[in-house]
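Chain residues, written in single-letter form:
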Amino acid sequence: MTVTALDSSSALVLIDLQNAIINAPTVPYTGSEVVARAVELARAFHEHRAPVVLVRVTARADGSDAAPGRSEIPSRPGGLPEGWDVIVDDLAGHPDDITVTKRTWGAFHGTDLDLQLRRRGVTQIVLAGLTTSIGVESTARAAHEHGYHVTLATDAMADLDVRAHRNSIERIFPLLGQTGHTTEIIEMLARTLN
């Protein structure tokens, strides 16, 4: 796990750090630990005037905007609590942040994320958030396919299943970009953007 470079036009993209999701029983880090590291990353990007994107997932109560198709595991029955899709307070409220709302696993499909990044000249994204094998991996795959350099902050993400988390980090992410820890990425960002 080594980050060898960050482009001077990098953006931080944080996936699904919202009220209901951060309280899920995640491993190897808790939602609170992931948020704390995401806050560190966001602070560093803000200090260097680099874009920060907060991605949130939402859905209509009746499921009418969900991705179609059959699956072996059906959607969760019943409604979600009020405010479940709100970005956590520790990350919300910075006036320059970009908020992207998605309705599928990945942050590119059906959103303006690519447009927001390209308008700002972004060539590389640093990804973190929840969950590793679903939202983060889906976004990393699409970012790679869109031609972005991808860096994944592996200590700022977690999953509901440790095997799924490990599979993403050990087998999938090295094919899509470079992985590193929060402090390593922040140090690289300081060297790149100073």
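Student: Where do I start with the packing of helix α4 (residues 132-145) against helix α5 (residues 162-176) in this structure?
Tutor: Axis angle and axis distance: for two packed helices, these are the angle between their axes and the distance between the axes, and together they describe the pair. Axis separation between α4 and α5 bottoms out at 10 Å; the angle between their running directions is 5 degrees. Our classification of the angle between α4 and α5 gives roughly parallel. Contact residues: α4 offers Thr132, Ser133, Val136, Glu137, Ala140, Arg141 and His144, while α5 offers Ala164, His165, Ser168, Ile169, Ile172, Phe173, Leu175 and Leu176. In terms of residue class, the contact of α4 with α5 is made up of eight nonpolar, five polar and two charged.

Student: What is the right way to look at unusual backbone geometry in this model?
Tutor: Only a minority of non-glycine residues have a phi that is not negative, and only a minority of peptide bonds are not trans. Note that the residue after Val27, namely Pro28, is joined by a cis bond; omega there is -5 degrees. Relative to the elements of secondary structure, Pro28 occurs in the loop between α1 (19-22) and α2 (31-47). The step from Leu130 to Thr131 runs through a cis peptide bond, and the omega angle for that step is -15 degrees. Looking at the secondary structure, you find Thr131 in the loop between β4 (124-130) and α4.

Student: Looking at this model, I keep getting lost on α2. Mind explaining?
Tutor: Note that an α-helix has 3.6 residues per turn; residues three or four places apart therefore point the same way. Along its 17 residues, α2 runs 24 Å from first to last C-alpha, staying within 8% of the 24 Å computed at 1.5 Å per residue. Listing the buried residues of α2 in full gives Gly31, Val34, Val35, Ala38, Val39, Leu41, Ala42, Ala44 and Phe45. Immediately beyond the C-terminal end of α2, within one or two residues, lies Arg49, with a positive phi of roughly 55 degrees.

Student: Looking at this structure, I do not really get the sheet that holds strand β2 (residues 52-57). What am I missing?
Tutor: Ordered in space as β3-β2-β1-β4-β5-β6, the six strands form an open sheet in which the pairing is parallel. The sheet terminates laterally at β3 (98-102) and β6 (178-180), the two strands that pair on one side only. Across the sheet, the mean angle separating the axes of adjacent strands is 25 degrees when strand polarity is ignored. Examined bridge by bridge, strand β5 (residues 149-158) and β6 share three bridges and lie parallel to one another. Along β6, the bridge assignment pairs Ala153 with Gly180. With respect to the sheet, α5 is in contact with β5 and β6, its orientation differing from that of β5 by roughly 170 degrees.

Student: How should I be thinking about the environment of Thr151 in this particular structure?
Tutor: Topologically, Thr151 is positioned in strand β5. Sequence spacing of Thr151 and Ile125 is 26 residues, and the spatial spacing of their C-alpha atoms is 6.3 Å. Not counting residues within four places of it along the chain, the set of residues in contact with Thr151 comprises Val3, Ala5, Leu6, Gln124, Ile125, Val126, Leu127, Gln178 and Ile185.

Student: Whenever I open this one, the pattern of salt bridges confuses me. Can you help?
Tutor: Side-chain pairing between opposite charges can occur once the charged atoms of the two side chains come close. Using the criterion set out here, one finds six salt bridges in the structure. A salt bridge links Arg37 to Asp155; the shortest N-O distance between them is 3.6 Å. Taken as a pair, Arg37 in helix α2 and Asp155 in strand β5 lie far apart in primary sequence, 118 residues in all. Classification of Asp155 as buried rests on a relative accessible area of 10%.

Student: What should I look at first to understand the nonpolar core in this one?
Tutor: Core analysis: the biggest nonpolar cluster contains 32 residues, and Leu12, Leu14, Leu17 and Leu91 have the highest contact counts within it. For this core, the elements supplying multiple residues, two or more each, are β1 (10-15), α1, α2, β2, β4, β5 and α6 (182-193). Among the elements that take part in this core, α2 stands out by supplying eight residues, more than any other. When residues no more than four places from it in sequence are discounted, the contact partners of Leu91 are Leu14, Leu17, Ala38, Val39, Ala42, Leu54 and Asp97.

Student: Help me understand the packing of aromatic side chains, please; the structure alone is not making it clear to me.
Tutor: Under the definition given, this model contains one aromatic pair. For the pair Phe108 and Tyr148, a centre-to-centre distance of 6.0 Å together with 35 degrees between the ring planes defines the contact as tilted. Separated by 40 residues along the polypeptide, Phe108 in the loop between β3 and α3 (113-119) and Tyr148 in the loop between α4 and β5 bring together distant segments of the chain. Considered together, Phe108 and Tyr148 belong to a single accessibility category, that of buried residues. When the ring centre of Tyr29 is taken as origin, the NZ or CZ atom of Arg37, which lies over that ring, is 4.5 Å away.

Thresholds, definitions, all that
- Counting restarts for each chain, with residues numbered from 1 along the sequence as it is written.
- Only residues with pLDDT of at least 70 are given local features in this predicted model, and only at 80 or more are side-chain atom pairs given and counted; all residues enter the totals for whole chains, interfaces and linings.
- Excluding hydrogens and water, the side-chain figures rest on all heavy atoms present in the structure.
- Here an angle of 0 to 180 degrees is reported between the N-to-C directions of two axes, which are lines fitted to C-alpha atoms, with helices fitted over the stretch in contact.
- Counting from the N terminus, the helices are DSSP H or I runs at least four residues long and the strands are E runs at least two residues long.
- Roughly parallel means an angle under 35 degrees; roughly antiparallel, over 145; roughly perpendicular, 65 to 115; everything else is oblique.
- In what follows, residue pairs with any heavy atoms lying within 4.5 Å of each other are defined as contacts.
- Three categories are distinguished: nonpolar for Ala, Val, Leu, Ile, Met, Phe, Trp, Tyr, Cys and Pro, charged for Asp, Glu, Lys and Arg, and polar for the others, with Gly belonging to the last.
- Helix span is expected to be 1.5 Å times the residue number reduced by one.
- Here the term buried applies to any residue with accessible area under 20% of the maximum for its type, exposed to any over 50%, and partly exposed to those in between, with areas from a 1.4 Å probe on protein chains only.
- Strand pairing is assigned whenever DSSP identifies at least 2 bridges connecting the two strands.
- The salt bridge definition used is simple: a Lys or Arg side-chain nitrogen within 4 Å of an Asp or Glu carboxyl oxygen.
- To form a nonpolar core, buried Ala, Val, Leu, Ile, Met, Phe, Trp, Tyr and Cys residues must be joined to one another through side-chain atoms within 4.5 Å.
- Two aromatic rings from Phe, Tyr or Trp, using only the six-membered ring of Trp, form a pair when their centres are within 6.5 Å; if the ring planes differ by under 30 degrees the pair is stacked, by over 60 it is edge-to-face, and anything between is tilted.
- Whether a charge sits over a ring depends on NZ of Lys or CZ of Arg being within 6 Å of the ring centre and within 35 degrees of the ring normal.

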